[in-house]
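Commentary on secondary and tertiary structure
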Amino acid sequence: NAGVTQTPKFQVLKTGQSMTLQCAQDMNHEYMSWYRQDPGMGLRLIHYSVGAGITDQGEVPNGYNVSRSTTEDFPLRLLSAAPSQTSVYFCASRRTGGAYGYTFGSGTRLTVV
Amino acid sequence: DQQVKQNSPSLSVQEGRISILNCDYTNSMFDYFLWYKKYPAEGPTFLISISSIKDKNEDGRFTVFLNKSAKHLSLHIVPSQPGDSAVYFCAASWGGAQKLVFGQGTRLTINP
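We now turn to the structure provided with this report. This one's a predicted model, so the numbers in the text were calculated from it and none came from an experiment.

**What about the overall build of chain A?**
Along its length, chain A carries zero helices and 11 strands. Helices (α) and strands (β) of chain A occur, in sequence order from the N terminus, as β-β-β-β-β-β-β-β-β-β-β. The C-alpha atoms of chain A give 13 Å as radius of gyration, which agrees with the globular expectation for 113 residues (13 Å, within 12%). A principal-axis box enclosing the C-alpha atoms of chain A has dimensions of 40 × 30 × 25 Å. With 113 residues in all, chain A has 45% of them scored as buried. Taking all contacts inside chain A whose residues are at least 6 apart in sequence as the whole, residues at least 24 apart take part in 53%. Looking at chain A as shown, the accessible area adds up to about 5,100 Å², and 50% of this sits on carbon and sulfur atoms.

Here is the structure:
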């Protein structure tokens, strides 16, 4: 059971480039989310999804797009990378109901130069 | 506007003693609170949670206390062990918990 898998683990982009951060979970969880972690800021929600075909914005959505075509996958797209998007990105998932404990992936460290 | 605040960036505790991590919140709509533990280069790991209808929840060495009137929660770890050294985040949610709001984190160091 792999849990939540994020790829790549590290990435360096030039300003203006686009890329997709991949996230896959094999637990059949309905809810999935993307967070970014910056020093002194905790984790901030970028986008989230409550099921296939349903997505919504979080606290810091600008510059990012998401889609959820399957239950398993929730990719995060950076449209035109900026240095302000240098961060560590975490994908998380959980099932509905229960103790509300999200399971997190190990993260993608992104540097935009 | 920081809705969830952890005002202590770091805490150092001797092995075997009690560790107390604190968290304050401002949004009275929050109805569920969680604590996560994070090691370097790993994702956060869910530790323990508490509903707003309770004031205490216990799981082994970990106990979370909620004081709704003060909008304050705390995590107690007894006894503290070296493996507890990590960054601890509190988080809050409301209305079905699709979204979590995190505090800034507290780095806990357990000294032998």
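**Brief notes about the state of the cysteines**
Per the stated rule, a full pass over the model turns up two disulfides over all chains. Between cysteine 23 of chain A and cysteine 91 of chain A runs a disulfide, and the two sulfur atoms are separated by 1.9 Å. Residues cysteine 23 of chain A and cysteine 91 of chain A share a disulfide whose torsion about the S-S bond is about -75 degrees; that sign makes it left-handed. Of this pair, cysteine 23 of chain A sits in strand 3 (residues 19-25) while cysteine 91 of chain A is found in strand 9 (residues 87-94), placing the two residues 68 residues apart along the sequence. The same class applies to cysteine 23 of chain A as to cysteine 91 of chain A, namely buried. A disulfide bridge connects cysteine 23 of chain B with cysteine 90 of chain B, and the sulfur atoms are separated by 1.9 Å. Looking down the S-S bond of the cysteine 23 of chain B and cysteine 90 of chain B bridge, the torsion is 60 degrees, so its handedness is right-handed.

**Here we look at the interface of chain B and chain A**
Contact with chain B, which involves 19 residues of that partner, is made by 20 residues of chain A. Three residues, Pro44, Gln98 and Phe102 of chain B, lead the burial of chain B against chain A; their summed loss comes to 30% of the area buried on that side. Where chain B touches chain A, the interface holds zero salt bridges. In this assembly, chain B and chain A are joined by two residue pairs in polar contact (both at pLDDT 80 or more). Listing elements by their share of the side of chain B that touches chain A, those giving two or more residues are strand 4 (32-38) and strand 5 (45-51) of chain B. For the side of chain B that touches chain A, the per-class residue count stands at 10 nonpolar, six polar and three charged.

Definitions and limits used
Residues numbered from 1 in each chain as written. Chains lettered and ligands numbered in written order. Predicted model: local features only at pLDDT ≥ 70, side-chain atom pairs only at ≥ 80, totals over all residues. Heavy atoms only, no water. Helix = DSSP H or I, 4+ residues; strand = E, 2+ residues; numbered from the N terminus. Rg over C-alpha atoms; globule rule 2.2 N^0.38 Å. Buried < 20%, exposed > 50% of the residue type's maximum accessible area, 1.4 Å probe, protein only. Contact = heavy atoms within 4.5 Å. Areas by Shrake-Rupley, 256 points an atom, 1.4 Å probe, with all protein chains shown as cover. Disulfide = S-S within 2.5 Å. Buried area = accessible area lost by both parts, 1.4 Å probe. Salt bridge = Lys/Arg side-chain N within 4 Å of Asp/Glu carboxyl O. Polar contact = N/O pair within 3.5 Å; in protein donor to acceptor, adjacent residues only side chain to side chain. Nonpolar A, V, L, I, M, F, W, Y, C, P; charged D, E, K, R; others polar.

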